[in-house]
Amino acid sequence: KPNSVLEALALGIPCVVPNLDSLKSFLTDKRDSFFFENGSVSDLSNAIRECFHNSWSLRDNCITTALNFDARKVTSLLDTIIGGLLDSKNAEVIQ
């Protein structure tokens, strides 16, 4: 689940995850996580090995990725987007 992945990243722990588009939308292989091809035991084994050997050096990257999804940051971004949409809608109504 993406929430579990973000919780691990927030603690500076890279994740070993299947190579899925939904996860690739916010994770970067070998930067904050390690991808493996679903169903490939050898690929999973290699990803776990890489994670074990490189986890400490990726700590800051993991935290940075997680901070992109901080509730305050996301709320602020949504407020900006929705405010812009409402402003443009109101401008259309006035005209």
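Anything mentioned here points back to the structure above.
So, a few notes on the structure that sits alongside this text. (Residues numbered from 1 in each chain as written. Predicted model: local features only at pLDDT ≥ 70, side-chain atom pairs only at ≥ 80, totals over all residues. Heavy atoms only, no water.)

Some words on the overall build of the chain
Item 1. Per the secondary structure count, the chain includes five helices and two strands.
Item 2. For the chain, the sequential pattern of α-helices and β-strands runs α-β-α-β-α-α-α.
Item 3. Over its C-alpha atoms the chain spans a radius of gyration of 18 Å, topping by over 25% the 12 Å that the globule rule assigns to 95 residues.
Item 4. Seen through its C-alpha atoms, the chain measures out along the principal axes to roughly 65 × 25 × 15 Å.
Item 5. Counting the 95 residues in the chain, one finds 23% classified as buried.
Item 6. Contacts spanning at least 24 positions in sequence make up 42% of the contacts within the chain whose residues lie at least 6 apart.
Item 7. Split by element, the accessible area of the chain, about 6800 Å² in all, is 58% carbon and sulfur. (Helix = DSSP H or I, 4+ residues; strand = E, 2+ residues; numbered from the N terminus. Rg over C-alpha atoms; globule rule 2.2 N^0.38 Å. Buried < 20%, exposed > 50% of the residue type's maximum accessible area, 1.4 Å probe, protein only. Contact = heavy atoms within 4.5 Å. Areas by Shrake-Rupley, 256 points an atom, 1.4 Å probe, with all protein chains shown as cover.)

Examining the nonpolar core
Item 1. Counting residues in each nonpolar core, the largest one holds 17 residues, and the members touching the most others are Val5, Leu9, Cys15, Val17, Leu23, Phe26 and Leu27.
Item 2. Broken down by secondary-structure element, the contributors of at least two residues to this core are helix 1 (2–10), strand 1 (15–18), strand 2 (33–36), helix 3 (41–54) and helix 4 (59–67).
Item 3. In terms of residue count, the dominant contributor to this core is helix 1 (four residues).
Item 4. Other than its neighbours up to four places away in sequence, Val17 contacts Val5, Leu23, Leu27, Phe34, Phe35 and Phe36. (Core = buried A, V, L, I, M, F, W, Y, C linked by side-chain atoms within 4.5 Å.)

What to know about the pattern of salt bridges
Close approach of charged atoms lets side chains of opposite charge pair.
Item 1. Counting across every chain of the model gives four salt bridges.
Item 2. Between Arg31 and Asp32 there is a salt bridge; the shortest N-O distance is 3.8 Å. (Salt bridge = Lys/Arg side-chain N within 4 Å of Asp/Glu carboxyl O.)

Here we look at the side chain of Ser33
Item 1. Looking at the secondary structure, you find Ser33 in strand 2.
Item 2. Given a relative accessible area of 0%, Ser33 falls into the buried group.
Item 3. There is a polar contact of 3.2 Å between the side chain of Ser33 and the side chain of Asp32. (Polar contact = N/O pair within 3.5 Å; in protein donor to acceptor, adjacent residues only side chain to side chain.)

Quick notes on helix 1
Item 1. Listing the buried residues of helix 1 in full gives Val5, Leu6, Ala8 and Leu9. Taken end-on, helix 1 shows its buried residues confined to a sector of 160 degrees, consistent with a single buried face. In helix 1, the exposed positions that point more than 90 degrees away from the buried face belong to Asn3 and Glu7.
Item 2. Buried residues belonging to helix 1 abut strand 1 and helix 4. (Arc of directions from axis to C-beta.)

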